[in-house]
Amino acid sequence: MPVEQGYWRYVEGVAAQVCRLYGYQRIDTPIFEETSLFARSVGESTDIVEKEMYSFQDRGGGGLTLRPEGTAAICRAYLEHGMHNLPQPVRLHYLGPIFRYERPQAGRYRQHQQLGCEAIGEQDAAVDVEIVNLAWRFLHRLGLGNLVLYLNSVGCPRCRPGYLVVLKDHYEPHLASLCPECRTRFHRNPLRLLDCKKDSCQPVADGAPPMLDYLCDSCAPHFQVVREGLEMLGIPFQSNHRLVRGLDYYTKTVFEIQPGGGGAQSTIAGGGRYDGLIEELGGRPTPGVGFATGIERIILNLKSQGVALPNPHASPIFVAYLGEAARRDALKLLEDLRQGGIAAVSAFGDRSLKAQLRQANALGVSHTLILGEEELKTGTVLLRTMAQGKQERVPREAVLSVAREGSLPLRGD
Ligand code: HAM
């Protein structure tokens, strides 16, 4: 809705800025893909594939699905476009609609918008740290606070099977007391037992042996490096042995960021490593790590935390001139301002200064820069604060830096 647009543009703008700072280039993939892509990558026995996909047949009889997440599509694009030939890791970000047939409620929609970042082609745990850091900094740069980062490792095909045996041994004596879903998970996807939210299953899940105790000699040091990296960057985290995520492709690191205080649909961002995914999709063994965040949930939190948005329509600065020479010079000043990232407009034609100031007032600008003969001679401008009608002479070079430092409400971005 129009009243929401300010939040959307703000979040998208900060996302683009932060992704640029960390070197994550934008990629756009189609809204729908072949159904088999998601079934293979997200996992046949996940909620997403079993219950939540919008799948249909097209006129050619092919099975298509509105994308229920972004990572599989990015990996498909990585393979299809030979991105293994690029310097690794390939750092990508995307922003677009995601579709899941879930029960709609606050913070959970059948169509939502995700920002995701993926770093593909590097197994160093430093990339996991980079991804968690990026997610954490992005949310903080937006102005969100009171966030909790949960961290875990779900191991790899070498150590997870052994852990699942131990996990099932722990659950087996309690099968009768578990919820019907957990009884199914016990057979089909035992790791997901740890994710159950039903009261009746909490004691068994809380008492389960932690995966961290069963990590192999590849996963254990990897997790240690991630922890150390986050500590070095001053990012606080909580180890959570029940964090397993709802998609099957994860290996090693998994993480989620939630607002302090929690809540059912509260996870703002989640992600992890997926070292087997590209191979599963037919490529060479290629590691990857990434995260995604739901923009609607970010906005809910911006609102509940009362984060004030910078005015997206900050009024431009108005440039007024007196005399022909100043008029020509004003064109240059206008362009200097715009090149410096400051929105600027001017009057046209031979209007009197009074008429130009009237126009500036009508546009609702907060400041006007006035150029006249005296200003041209001395390399200055008159800075007029419209509300008070106060004028001060400032060196011309200073205008841009003053505006850029934000001491004047002149910035347009
Ligand atoms: P996910 O945890 O399923 O992960 O979704 C990421 C984020 O999308 C969630 O943390 C949440 O903010 C938002 N979200 C999910 N479902 C909904 C919904 N129904 N309504 C509103 N917001 C929602 C993934 O999709 C993985 N692809 C993340 C990833 C990227 N892992 C590695 N790379």
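Look up a bit, the structure's there.
These notes cover the structure that comes with them. All of these numbers come straight from a predicted model, not from anything done at the bench.

### Thoughts on the overall build of the protein chain
Part 1: What the protein chain contains, in helices and strands, is 15 helices and 16 strands.
Part 2: Expected size for 413 residues packed as a compact globule is a radius of gyration near 22 Å; at 27 Å, the protein chain overshoots this value by more than 25%.
Part 3: Taking the principal axes of the C-alpha coordinates as reference, the protein chain spans close to 90 × 50 × 40 Å.
Part 4: Counting only residues that meet the buried cut, the protein chain has 52% of its 413 residues in that class.
Part 5: Summarising the internal contacts of the protein chain: among those between residues at least 6 apart in sequence, 69% fall at separations of at least 24.
Part 6: Charge centroids of the protein chain, computed over 46 positive and 46 negative side chains, lie 6 Å from each other.

### Here we look at the site of the ligand
Part 1: In the region of the ligand, 27 residues are neighbours, and E69, R100, E102, E118 and Y250 sit closest.
Part 2: T71 has a polar side-chain atom sitting 2.9 Å from a nitrogen atom of the ligand.
Part 3: Contact with the protein chains removes 96% of the 660 Å² of surface that the ligand exposes when unbound.
Part 4: When its residues are assigned to classes, the shell around the ligand shows ten nonpolar, ten polar and seven charged.

### Digging into unusual backbone geometry
The phi angle of most residues is negative, glycine excepted, and most peptide bonds adopt the trans form.
Part 1: Backbone torsion omega between Q88 and P89 reads 0 degrees, so that peptide bond is classified as cis.
Part 2: Residue placement: P89 occurs in the loop between helix 4 (71–80) and strand 5 (90–99).
Part 3: With phi around 55 degrees, K252 is a residue other than glycine that occupies positive phi space.
Part 4: Take K252: it is sitting in strand 9 (residues 251–259).
Part 5: Under the relative-accessibility criterion, K252 is labelled buried at 10%.

### What to know about the pairing of strand 11 (residues 288–294)
Part 1: Burial analysis of strand 11 places seven of its seven residues in the buried class, which makes it a mostly covered element.
Part 2: Sheet topology places strand 6 (residues 111–120) next to strand 11; seven bridges connect them, and they run antiparallel. Across the sheet, the residue bridging to C117 is F291, located in strand 11.
Part 3: Across five bridges, strand 10 (residues 269–273) lies against strand 11 in antiparallel orientation. For G271, the partnering residue across the bridge sits in strand 11 and is F291.

What counts as what
Position labels on residues start from 1 in each chain and follow its written sequence. At least 70 in pLDDT is required for a residue's local features to be given in this predicted model, at least 80 for side-chain atom pairs to be given and counted, and no such filter applies to totals for whole chains, interfaces and linings, which use all residues. Note that the side-chain values use all heavy atoms of the structure and ignore hydrogens as well as water. Runs of E in the DSSP output that reach at least two residues are strands. Runs of H or I that reach at least four are helices, and both are numbered from the N terminus. It is over C-alpha atoms that the radius of gyration is taken, and the globule rule equals 2.2 Å times the number of residues to the power 0.38. When a residue's accessible area, from a 1.4 Å probe over protein chains only, is under 20% of the maximum for its type it is buried; when over 50% it is exposed; and in between it is partly exposed. Note on contacts: a residue pair is in contact if any heavy atoms of the two residues lie within 4.5 Å. We treat Lys and Arg as the positive residues and Asp and Glu as the negative residues; His and chain ends play no part in the count. Throughout, a charge is located at the NZ atom of Lys, the CZ atom of Arg, the CG atom of Asp or the CD atom of Glu. The rule for a residue being near a molecule or strand is that one of its heavy atoms must lie within 4 Å of it. Each polar contact in these results corresponds to two N or O atoms within 3.5 Å; when the atoms are within protein, one needs to be able to donate a hydrogen and the other to accept it, and residues that are neighboring in sequence are counted only if both atoms are side-chain atoms. Per-residue accessibility takes into account occlusion by the displayed protein chains alone, with areas from the Shrake-Rupley method and a 1.4 Å probe. Throughout, the ten residues Ala, Val, Leu, Ile, Met, Phe, Trp, Tyr, Cys and Pro are labelled nonpolar, Asp, Glu, Lys and Arg are labelled charged, and all others, Gly among them, are labelled polar. Pairing between strands is defined by DSSP: at least two bridges between them are needed.

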